[in-house]
Amino acid sequence: MPNHERLVNDFSDLVRIDSPSGEEWDVALHVSERLSNLGFQVARDDHGNVIAREGGDSPLILSAHMDTVDPGRSIKPQVVGDRITSDGSTILGGDCKAGVAAILEALESVKEDGRPRRPLEVIFTRGEEIGLVGASNLDFSMIRGTEAVVFDGNGPVNTITGASPTYMAFDVNVRGRGAHAGVEPEKGLSAIKIASDLIAELPQGRIDQETTFNVATITGGTVRNAVPSEASITGEFRSMNMESLELLRMQLLAAVNTVRSRYTDAEITENLEMMFQMYRLDPNEATAQLVMRVMREMSLEPNIKPSGGGTDGNVFRLNGIESVVVGMATNLMHTIDEYVVIPDLLNTSRFCEELMTFGA
C-alpha cells in the first residue's frame, strides 16, 4: 500500500523543484535518479524526455509530464487539513507533479511489498503545457509499449477523459509605422491600434459546448512617446467538432483580411498551427476496460467525461498507443488556488499500484 507520509513529502519535494516549460532539467535529474534506484534503465531522448525501461514483453506505459505553468517558481507547498496548497503566490504544480509522485510512490510500494507486477515503461515528458511539445518530439523508436495510462486529469483518479479537442494556435504580427507621438503622430501608423481592431473582429470565450476561442496575449511598442510600429497577437481555438474548427479558421482569416484592407499601408502576417488532434475514447478498448476494471475492484466508479484540454494521451494515440487519461487529485489547475486532495492522491497512487499488479 502507498505510504501516506512518504507520498506527501515526495510530492512536496517535487513541486519545490522549479520546472516551468523549457526548464525541466532539475526535475528530470530527480526522477531519473528515483527510477534508476527502482531498477529501471533510464535514458533521455534527444528532446530531453525521460524514458525508463525494463525487460519483459508487452510493457504497460505509465506517463505524466514534468513541466508546470507560471507562476511556478519557488513554490512553497502547505498542508492544510486534507489538502496541499501553495502559499497563494504561485500555482501548486500538482499539474502534473501529482501524477509523477503517484507513479513513483506506486513503484516504491510494489517493490517494498514484493508484489509481482507486469513489465512497465515510464515516460515523463517535457513541454506539455506549451502544446504537448515533449510528447510530439518523443522518440517513439525507444518505446515498446502499446498501452498507456496517462496521469494528467483534473479531479480524483476515477475521472477518465472521454474526449479531448483539436487545438489550433495562431499568431498574428502587425507592422505599422513609427513616429514621435507628440511631435508628428500623424506620420505614424499604430500597430497596436491595428491589432486592437483585429481583436474586436474575433470571437472570445465559449462558442458552444465543444468549442472555445481565446485571444491570449497582445504585445507591442517600445517607449511611451512613440507611435508603436510593431505589435503581435497570440491565441488559440479548440473544438471536438471539425466543422466548428474550420468555421473559426475561416472567421480568423476573414478578420485578418478585413483589417488588412482597412490599413493598406500596414503589413499583417498570420500563422496557424495545429498543436494536437482530438480523440474520443472507446470504452470497449482493452486499455479502457483494464482501467475501469481496476477502478471497480477498488470500489471506485469510473466517471467518463469530456475535457476541453489536451494531454500527452492525444499524441500517444496518434502514434498507435492506446491511451487512457485519468485524474491525479489536482483541482483548479493553472491558478494560484490550485490544490491537491491528499486522500485522492493516495487513491491515485493505489490505483497505479493495482494497475501494474493486475493479473501478474
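Before reading further, recall that the structure is shown in the block above.
Residues numbered from 1 in each chain as written. Predicted model: local features only at pLDDT ≥ 70, side-chain atom pairs only at ≥ 80, totals over all residues. Heavy atoms only, no water.

*Asks:* What exactly am I supposed to notice about the overall build of the protein here?
*Replies:* Counting secondary structure elements, the protein contains nine helices and 19 strands. Taken over C-alpha atoms, the radius of gyration comes to 23 Å for the protein, in line with the 21 Å a tight globule of 360 residues would show. Burial analysis of the protein (360 residues in total) assigns 53% to the buried set. For the protein, restricting intrachain contacts to residue pairs at least 6 apart in sequence, the fraction spanning at least 24 positions comes to 78%. When the accessible surface of the protein is summed, it comes to about 15,600 Å², and 47% of that surface belongs to carbon and sulfur atoms. (Helix = DSSP H or I, 4+ residues; strand = E, 2+ residues; numbered from the N terminus. Rg over C-alpha atoms; globule rule 2.2 N^0.38 Å. Buried < 20%, exposed > 50% of the residue type's maximum accessible area, 1.4 Å probe, protein only. Contact = heavy atoms within 4.5 Å. Areas by Shrake-Rupley, 256 points an atom, 1.4 Å probe, with all protein chains shown as cover.)

*Asks:* Could you clarify how one ought to interpret the sheet that holds strand β12 (residues 211–220) in this entry?
*Replies:* Remark on secondary structure: sheet strands pair via backbone hydrogen bonds, oriented parallel or antiparallel. In space, the five strands of this open sheet follow the order β11-β12-β14-β9-β15, with antiparallel pairing throughout. At either end of the open sheet lies a strand with only one pairing partner, and these are β11 (205–208) and β15 (267–276). Ignoring strand direction, the axes of neighbouring strands in this sheet form an average angle of 20 degrees. On the sheet, helix α5 (residues 191–200) packs against β9 (166–175), β12, β14 (230–239) and β15 and is oriented at approximately 20 degrees with respect to β14. (Pairing = 2+ DSSP bridges. Axes fitted to C-alpha atoms, helices over the stretch in contact; angles between N-to-C directions.)

*Asks:* Mind showing me how you'd approach helix α1 (residues 4–16) here?
*Replies:* With 13 residues, α1 extends 19 Å between its outermost C-alpha atoms, agreeing within 8% with the 18 Å of an ideal straight helix rising 1.5 Å per residue. Listing the buried residues of α1 in full gives L7, V8, D10, F11, S12, L14 and V15. Where α1 is buried, its residues contact α2 (25–37), β4 (78–80), β5 (83–85), α3 (94–113), β19 (339–341) and α9 (342–357). For α1, the N-terminal cap is N3; the gap from its side-chain oxygen to the backbone nitrogen of E5 is 3.2 Å. (Expected span 1.5 Å × (residues − 1). Polar contact = N/O pair within 3.5 Å; in protein donor to acceptor, adjacent residues only side chain to side chain.)

*Asks:* Help me out: how do you make sense of the pattern of salt bridges in this one?
*Replies:* A side chain with one charge may pair with a side chain of the opposite charge, provided their charged atoms come close. Using the criterion set out here, one finds 23 salt bridges in the structure. Note that E246 and R249 form a salt bridge whose closest N and O atoms lie 2.7 Å from each other. Of this pair, E246 and R249 both sit in helix α6 (residues 242–262), three residues apart, which is roughly one turn of that helix. In this structure E246 comes out as partly exposed when scored by relative accessible area, which is 34%. Judged by relative accessible area, which is 30%, R249 ranks as partly exposed. Across the salt bridge formed by E297 and R293, the nearest N and O atoms sit 3.7 Å from each other. With E297 and R293 both in helix α7 (residues 286–297), this residue pair falls four residues apart, about one helical turn. The network of salt bridges with shared partners includes K193, D197, E201 and R262. (Salt bridge = Lys/Arg side-chain N within 4 Å of Asp/Glu carboxyl O.)

*Asks:* Help me out: how do you make sense of the packing of α3 against α9 in this one?
*Replies:* To characterise two packed helices, one gives the angle between the axes of the helices and the distance between these axes. Two numbers describe how α3 lies on α9: the axes approach to 8 Å, and their chain directions differ by 55 degrees. By the angle between their axes, α3 is oblique relative to α9. Judged by the sense of rotation from one axis to the other, the crossing of α3 with α9 is right-handed. Here α3 contributes A98, A102, I103, E105, A106, L107, S109, V110 and D113 to the contact with α9, which in turn contributes L345, T348, S349, C352, E353, M356 and T357. Across the contact of α3 with α9, the residue classes break down as nine nonpolar, four polar and three charged. (Parallel < 35°, antiparallel > 145°, perpendicular 65-115°, else oblique. Left-handed = near helix turned anticlockwise from the far one by under 90°. Nonpolar A, V, L, I, M, F, W, Y, C, P; charged D, E, K, R; others polar.)

Geometric values such as these leave the question of function open.
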